[in-house]
Amino acid sequence: MRCDRVWRNARLATLAPGLPGLGEIDRGVVAAQNGQIAWAGAEAAAPAFEAAETIDCEGRWITPGLIDPHTHLVHGGDRAHEFELRLTGASYEEIARAGGGIVSTMAATRAASEDELVAQALPRLDALIAEGATTIEIKSGYGLSLEHELKSLRAARRLGEVRPVTIATTFLGAHALPPEFKDDADSYVDLVCREMIPAVAAEGLADAVDAFCEGIGFDVEQTRRVFEAAKAHGLPVKLHAEQLSNLHGAALAAGFGALSADHLEHLDEAGIAAMAKAGTVATLLPGAYYFVRETKPPPVEALRAAGVPIALATDCNPGTSPLTSLLLSLNMAATLFRLTVDECLAGVTREAARALGRQSDIGTIEAGKVCDLAIWDIERPAELVYRMGFNPLHTRVWRGL
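As the structure is a prediction and not an experimental result, all values here were calculated from the model. Throughout this description, residue numbers start from 1 for each chain and increase along the sequence as written. The model is predicted, so local features are restricted to residues of pLDDT at least 70 and side-chain atom pairs to those at 80 or more, both for listing and for counting; the totals for chains, interfaces and linings are taken over all residues. Only heavy atoms go into the side-chain values, all of them from the structure, while hydrogens and water stay out.

Peer 1: Give me the lowdown on the UniProt feature "binding site: 4-imidazolone-5-propanoate" (unreviewed entry) in the chain, citing residues and values where you can.
Peer 2: UniProt positions are given in the numbering used here, feature names are shortened, and annotations may be inferred rather than shown by experiment. Within this numbering scheme, the UniProt entry marks Arg79, Tyr142, His175, Gln243 and Thr320 as carrying the feature "binding site: 4-imidazolone-5-propanoate" (unreviewed entry). Looking at the secondary structure, you find Tyr142 in the loop between strand S7 (133-139) and helix H5 (146-162). For the exposure calls, accessible area comes from a 1.4 Å probe over protein chains only, and a residue counts as buried if that area is under 20% of its type's maximum, exposed if over 50%, partly exposed in between. Tyr142 gets classed as buried once you look at its relative accessible area, which sits at 2%. In what follows, a contact means two residues having at least one pair of non-hydrogen atoms within 4.5 Å. Look past the residues within four positions of Tyr142 in its chain and what remains in contact with it is His72, Val74, His75, Arg79, Ile102, Thr105, Met106, Thr109, Glu149, His175, Asn317 and Pro318. Think of it this way: any DSSP run of H or I at least four residues long counts as a helix, any run of E at least two long counts as a strand, and we number them from the N terminus. By secondary structure assignment, the location of Gln243 is in the loop between strand S10 (239-241) and helix H8 (249-255). Judged by its relative accessible area of 6%, Gln243 is buried. When residues no more than four places from it in sequence are discounted, the contact partners of Gln243 are Phe212, Glu214, His263, Leu264, Glu265, His266, Ala288 and Glu294.

Encoded structure:
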C-alpha cells in the first residue's frame, strides 16, 4: 500500500464504535495518505507499505486528535474583576443583572478590531493545540449586533488559517440582550432571525446556530424562533440549556434535531428522553460548573441509562470558564461528575465529533477519516484523565502532518 506516512510500534486507542472500551490495539499501525487515514489496525494484519516516511512510536499511545466542541475563544478583554466579585459572594446572575457578564465582554469585543480579536484569541488557541487539540468549535455571541457578530465569526475563521487546526464556527447571536434593546428581547430576537442569521448564512460564516435559553438569556419561545430561522437557512442548531434552571430548552432543542444541548445541570427526565430519541449529544462543561461553584451536577447516571452520547468541552470563555486545557477538563469531569476514563476520552474525541455533526470525518482512528492524531508519552490512557497540570503530549498530527 502506497502512503505518505506510517506510524508503527504504537498502542492505539482507536475509539472506533462497536469495539469494547477505547478500541485498544496493543501493537498497532496507522498509515496516512493525502491527509486521511489509509489504514489502521494491528501490526500483524498490516499490509506492506510503500511510505515516504515511517515513524517508530516506541510503544507510545496514539489517540484521535482531541476535539473541543464548545468554546467562546474569540472575545475582547477579560472579566477578572467579576471573579473578584464572586469571591466576595456575588452570584453570576447578580453580576449579569448589574451590567456585568456577557454585556461587559460585548463592550470590549465591539471596541476591538478583527485583527485584535485574532491576536487576543491566539494564546488561548495555542494552549489547546499544545495539548493535542486538532478541532475546536468557536462561538460568536459577544458582538450582539450584525456588524460585530460577523466580525467575530470572521476572526474565528481566520484562526484556522494562521494555525494548523480545524475550526468549526457557531453563530450565537442570541447570547444576551444588548443595551440598545433593553427590556425588549422580542425585538432583538427579530433582529437575530431576520437580519443576522440570513447574513451569516449568506457569507457562509457559521456551521451551526446556538442560543442561551435561560432566565437571564432567552425564553423557550424566543429560542424556538431562532431555531426556526436557522433551519430555514439550512443551519443545524445546538443550545445552552438547563444550566441555571430548567426551562425545558433541551427538549425543544431535541425537537429540532439539535446536534447538542450543553451544560444541563438542571435537565429533567423528559429532556433526557427527548435527547435520546433525537440523538442529541449532551455536552458537559465541568470548567463552568467548577468556576461558578455550582452544586447540582448534570444527571450523568440518567443520561447513561438513556443512551445519550456524552461529550466534554472546556467552555473557554472570559466569565464562567477561563479554561484552555482539555486535559484538565477530563480530570474535572471524572472528579466532579464521576465519568469513567473511557467516557472522558470518548467525550473529547468520538462524542465531541458527534456534537459537531462531524462523526463521519473525525473523532476515531479508522480508515477513511481525517488523519488527526495525538501521540502520548504515557503508559496507559487513564493518565490523561488522572493528572492535573501535566501535559504528556509527544506529537500532534493534523491532517497527516
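Peer 1: Tell me about the packing of aromatic side chains, residues and numbers included.
Peer 2: Any two rings among Phe, Tyr and Trp, with Trp reduced to its six-membered ring, count as a pair given centres within 6.5 Å; such a pair is stacked if its planes are under 30 degrees apart, edge-to-face if over 60, and tilted if neither. In the structure shown here, the tally under the stated rule is six aromatic pairs. On the basis of an interplanar angle of 25° and a centroid distance of 6.1 Å, the ring pair of Tyr188 and Phe218 is categorised as stacked. Here Tyr188, found in helix H6 (residues 185-203), pairs with Phe218, found in the loop between strand S9 (208-213) and helix H7 (220-232); they are 30 residues apart in sequence, far enough to count as distant. As far as burial versus exposure is concerned, Tyr188 and Phe218 are alike and both buried. With 5.1 Å between their ring centres and 75° between their planes, Tyr289 and Phe337 make a pair best called edge-to-face. Pair noted here: Tyr289 is in helix H10 (residues 286-291) and Phe337 is in helix H12 (residues 326-337), with a separation of 48 residues, a long-range link. For the pair shown, Tyr289 and Phe337 are each scored as buried. Ring pairs connect the aromatic residues Phe181, Tyr188 and Phe218, which therefore count as one cluster.

Peer 1: Outline the sheet that holds strand S6 (residues 66-68), listing residues and values.
Peer 2: Whether two strands pair depends on DSSP finding at least two bridges between them. On the basis of which strands lie adjacent, the open sheet formed by eight strands has the order S6-S7-S8-S9-S10-S11-S12-S13 and parallel pairing. Two strands bound the open sheet, and with one partner strand each, they are S6 and strand S13 (310-312). Strand-to-strand twist across the sheet, computed as the mean angle between neighbouring axes with direction ignored, equals 25°. Here five bridges tie S7 to strand S8 (residues 166-174), and the two strands are oriented parallel to one another. Residue pairing across strands places Glu137 opposite Ala168, the latter belonging to S8. Where H6 meets the sheet, its contacts fall on S8 and S9, and the angle it forms with S8 comes to roughly 150°. Across the face of the sheet, H12 comes into contact with S6, S7, strand S12 (281-284) and S13 while running at roughly 75° to S6. Axis lines are fitted to C-alpha atoms, over the contacting stretch for helices. Their N-to-C directions set the angle, which ranges from 0 to 180 degrees.

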